[in-house]
Amino acid sequence: MRISHAWLSELLGPLPAPNEVAQILTQQGLEVEALERLGEGLAGAVVAQVMELSAVTPRLTRVVLHTAQGEAICVTGASNLAQGDRVPYAPPGTRLPDGRTLETTDFHGVASHGMLLSADEIGIGADHDGILILPEDAPLGADVASYLDLPETVYEIGLTPSFAQHCQSAHGVARELAAFLLRPLPNVQAEQLASPAQAAPRVEVEDARACPLYAGVWLRRSALLQTPLWMRRRLWASGMRPVSPVVDLTNYIMLEIGQPLHPFAESKVQGAISVRRAATGEEIETLDGVRRRLEKDDIVIADASGPVALAGVMGSARAEVDAETERVFLEAALFAPSMVARTMRRLGLRSEAAQRFAHGLAADLPLRAISRLRELAPAVGWEVLPGALLCGEVAPPPAAIAVDAGSVRTLLGMPLTAQQQVAVLGRYGFAVEADGDALSVRPPRDRIDVREACDVAEEVLRGVGIDSLGQELPPPAPAVDEPPLYDLRRDALQVFMALGYRAAVSYSLVDPSLLAMLGQPAEVEIANALSVDLGALRTTLRAGLLQAVARNLARGVGEIALVEAGRVFHRSRTGILEDESLAFILCGDRAPISRFPRQPVDFFDLKGDLEAGLAALRISDVTFRPGTDTALHPGRQAEVWADERRLGAIGEVHPKIAEQLGIEVRTLIGEISLGAVLAAHGDLVARPLPRYPALLRDVAVVVDDAVPYTAVRQEVREVLGGLLAADALFDVFAGTPVPPGKKSLALRLTLQSPDRTLTEADAEEALSRLLRRLADRFGAHLR
Amino acid sequence: MNGAPGCSPGERGALPKRRWYRGVFATSSPMGAGSSFLLRKGWVAVKDVEALRSEALAGIAAALDEATLERARVEWLGRKGPLMDALRGIKDAPAAERRDLGLALNRLRDELEAAMAARQAELRETALAVRMQAETLDVTLPGRPRALGGPHPLQLAEDALVRALRQLGFRLAEGPEVESEELNFEALNIPKDHPAREMHDTFFVADLPGYVLRTHTSPVQIRSMRAHAPAPVRIITVGRVYRRDDDVTHSPVFHQMEGLAIGEGIGMQHLKATLYEFCRAIFGRDVRIRLRPSYFPFTEPSAEVDIGCVFCGGNGCRICKGTGFIEILGSGMVHPHVLREGGYDPQIQTGFAFGVGVERIAMLRYGIDDVRLLFQNDLRLLRQF
Ligand SMILES: [Zn+2]
């Protein structure tokens, strides 16, 4: 909310400089987000009087002015001037807040010496077309900036929900400042309403929960006045636009004490008024000219022919006060905060009134507003008629809050005696009775935010100043186990980063159609998604990485290696399963273009990275089996298994999917479940180093093309058993002299025994056993 | 200096050196007794040993590569060379001269061998210098490029936060991202229609009533409390949260980190010390820190923590909106309602909690001004980390 320094100063007396006030407010919890200075920079304008008006063209008027220096001539497009008006005159050389400096200008042969200023040009209002008419007693020749007390400082305050309950008013903010500056708190007495004296309109409240208190008074126009300049300026400084005297008056009282008021043009309301729930489908045209469909949780003020106001939110065009209105019924009520909040949110109608009702108001605030109305109405040319209307009762103040001063000491870590606490609370207007450490606390009526002992503790803290808190590190607490997946996720990312991958972070909300395309349809859809492309929780990290690749390719980045760790979401019969997943993607070249040979990535780059990665994560016995993932190239994909546990899959992105995503280069992608990795995770136990020398043997065998390498390897490991210390495939060869349809696999075998030195004969014997087996199984022969 | 044919140490050692001495002396004078002996042996071109010496040294010095030098070795020191010839002839010299002659010839041989070795070293040095000259690279050419991996700025920020708090004795805890409304709101003192729910524009799960995408990491507080009550807890949690917001400063998916400490006698002085240590760990020892009363439904009293603006040093700029401070985290003493929900008795145990946006820390630390950049995985950005 916005409030001017001048207004606070009127309520509290002279104040410290604006910067200091801003600091005090912020330290009290009213965060001053910005300081604005209205009318800053205006220099040279003086108060002048309009002597004579004559038309230059149908739209331009020549004005003869009387200034302290004599006569001056101005041309203006404004049409609101009358002879005798006091106006702000800016002679040539005047500097305006927007930085312009005025000169003499020619209009159709008439020289305008400077200009007359509107409120907008001065910076204290919105009205651009009309000249600002100053009060009759504005001294001729006075400097306009000093006469208007410019610049006018305005505090822009960010309200937390609790301050929104008691500080959406000048009085609210002033109370906080007063408590710090030890000034008396501003206050307005509630009017004791007599029973209704006026018969029409009759008002009936149908739902007392929706509207616990409905009060009203009747006003009659007594003079045709303009809203006084001081009131218009406060409205403007507070962010509201002056409209008409009676509307400005209601808005002013709302800004002053926080009670929204609503005027109905009495002549436009037909028959009895009822305060009720809206009927579903009922419609209202609100003051902003929009027709709105209502629901049964909206509260309306209705007359015989339907809603005349959306209670607490906005009035209707039908009962709007206009220039002809001479009598007004003015409502001062309380509406259920939650209902107003819901209507406000649903319709997106964040009116000043709704923002106040939605946070709740003090039970007696409507009556205080009426009493203030009686005082202020004459200033705008209106008169409050005797008598008033009241439906419901002012709720009694809540019971006193029991507070243990000792608990406050513990909570704040401050040695504050009960007496000190009582004194601090007194500054905020709290009535406290103390019996030793047992405090009985009655907050002021406006402090609906204070309900429990801990709320009172916060008041004490604000009172003594949050800066007086001490500092002490907390005592140690017993250590607990940490979730093992956290470190595994970190380690897995580190390993892939070491292998050249950049860590990616994608939205976990993705387009369900993308998931479907990847063959892993959404299982958790969002009921109120922001957009289709954020419509579901991801079932696979592939979605985000493929989009990242497409985006990077489109931006001209061609060497891509990304890794992401994060959760994927599945349904189970009982709820939702969240698994940690790790996905990695490669495309283009392994390294940027250079004078060295290019290294375009292929399946075995990705596979090699995964093998290295899993080894680094201490997963042994990883096997790869041909897979059937529909998102991957059918001939270039593998399932990843460890320990009879499926970890995930790797492969080349299916060309159709790549095409649909706009990816025009071969892309390799893999994803494994970190949950499965954790389950397969081995313990770290060192094996003894070999004590006997190893024998190296290179063997090349020729087998059918269709025989997978792992099948051969399986036999090698089985036959050689404990003698095989290591094996490596160092060549795969097809073509002459290998017969067509066959391939040669060259293996380097490291033979070693843990308990003796192997002899040449041992090796020969083992190899011939191996060759026999391979011949048996695959018809293999030595090359 | 071995390797020259006919000059192996074994052979040389077998020579009867002693007998040569005088003979060589004699040759130093053309009229001496040795002349007749040498002449007799057919040494026509050489006048005396001195001449032999200077001729051989000149030959060595003239060798410009190792091959030429090797030929000189064979010529002068080889089996068929004049020196060997002379040595072999010593036995025929007069007995009185043999010793001197032997000594002189051996000295000459040693000298020539040393000269050979020196010349060879010289030639190798030169050859190496020539090779290195030829091998000189343009070292300003770029190196062989390696694909370089690296972390995400969000991860860097998260790691910094977690590290700082683990050092203060906090332990990690986790919870689901799809959370019950009860744990996300009610247990945290945010009943239906509470104004704070407005600040948490919530995503709901289709076909799963009562479940939402958690709007903050705070439900993990309740989960941890329920797991450990009535024992003291000291936990942090970090993870994704979701809100229906999407603009330059708000992302529908973002990360929070939260800390919680519960125990007997925990007060706001403990919160303040923890926050100050934490802020110093993240923003440096000299950071200015300010606490300011604030509001959160799950804490009371609540405080917002600001640090001196890292962009203008506190003088006021666009980013701190002229205030010299920027908001970093929210905190407060755990609300009694929340303590009770967690299984604690607020009369006995109290606690504090604080939370921080990971994106905000990353954006401040690395000068990133649009939160959406953090989720686009644009390698042009990622490669800067
Ligand atoms: Zn700044």
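This structure is a prediction, so every number in the text was calculated from the model and none was measured.

Before going further, it helps to examine the domain arrangement of chain A. Domain boundaries in chain A define domain 1 (2-39 + 153-181), domain 2 (46-150), domain 3 (203-391), domain 4 (401-442 + 451-466), domain 5 (484-680) and domain 6 (695-782). Taking the mean C-alpha position of each, domain 1 of chain A and domain 5 of chain A sit 54 Å from one another.

Turning to the sheet that holds strand E1 (residues 2-4) of chain A, a few remarks are in order. Residues and elements named next belong to chain A. Read across the sheet, three strands follow the order E1-E10-E2 without closing on themselves; strand pairing throughout is antiparallel. Each having just a single partner strand, E1 and strand E2 (31-38) make up the two edges of the open sheet. Across the sheet, the mean angle from the axis of one strand to that of its neighbour is 25°, orientation sign disregarded. Bridge analysis of E1 against strand E10 (residues 152-158) gives three bridges, and the strand direction is antiparallel.

What follows deals with the coordination of the zinc ion. Residues and elements named next belong to chain B. Around the zinc ion, the donor atoms from the protein are Cys 309 (SG), Cys 312 (SG), Cys 317 (SG) and Cys 320 (SG), and they sit 2.2 to 2.3 Å away. Around the zinc ion sit four donor atoms, and with donor-metal-donor angles ranging over 104 to 114° the site reads as tetrahedral. Of note, the zinc ion draws all its donor residues from one chain, in the sequence arrangement C-x2-C-x4-C-x2-C. Residue Cys 309 is located in the loop between strand E7 (299-308) and strand E8 (325-334), and its partner Cys 320 is located in the loop between E7 and E8; the two are separated by 11 residues in the primary sequence.

Before going further, it helps to spend a moment on the packing of aromatic side chains. Counted according to the given criterion, the structure contains 14 aromatic pairs over all chains. Centre to centre, the rings of Phe 496 of chain A and Phe 584 of chain A are 4.7 Å apart; their planes meet at 25°, and the pair counts as stacked. Taken together, the positions of Phe 496 of chain A in helix H14 (residues 484-498) and Phe 584 of chain A in strand E30 (residues 576-587) put the pair 88 residues apart, joining distant regions of the chain. With respect to class, Phe 496 of chain A is no different from Phe 584 of chain A; both count as buried. Relative to Phe 375 of chain B, the ring of Tyr 507 of chain A lies with its centre 4.9 Å away and its plane at 35°, an arrangement referred to as tilted. Of the two residues, Tyr 507 of chain A sits in the loop between strand E26 (502-503) and strand E27 (509-510) while Phe 375 of chain B sits in the loop between helix H14 (358-366) and helix H15 (379-382), which places them in two different chains. With relative accessibility at 4%, the residue Phe 375 of chain B sits in the buried group. Taken together, the ring pairs connect Phe 170, Phe 278, Phe 352 and Phe 354 of chain B into an aromatic cluster. Over the ring of Trp 641 of chain A we find Arg 625 of chain A, and its NZ or CZ is 4.1 Å from the ring centre.

Calculation rules
Residues numbered from 1 in each chain as written. Chains lettered and ligands numbered in written order. Predicted model: local features only at pLDDT ≥ 70, side-chain atom pairs only at ≥ 80, totals over all residues. Heavy atoms only, no water. Domains from an automatic or database assignment. Pairing = 2+ DSSP bridges. Helix = DSSP H or I, 4+ residues; strand = E, 2+ residues; numbered from the N terminus. Axes fitted to C-alpha atoms, helices over the stretch in contact; angles between N-to-C directions. Donors = N, O, S within 2.8 Å, 3.2 Å for Na, K, Ca; no water. Tetrahedral: all angles 85-135°; square planar, octahedral: opposite > 155°, others 65-115°. Phe/Tyr/Trp six-rings, centres within 6.5 Å; stacked < 30°, edge-to-face > 60°. Buried < 20%, exposed > 50% of the residue type's maximum accessible area, 1.4 Å probe, protein only. Lys NZ or Arg CZ within 6 Å of the ring centre and 35° of its normal.

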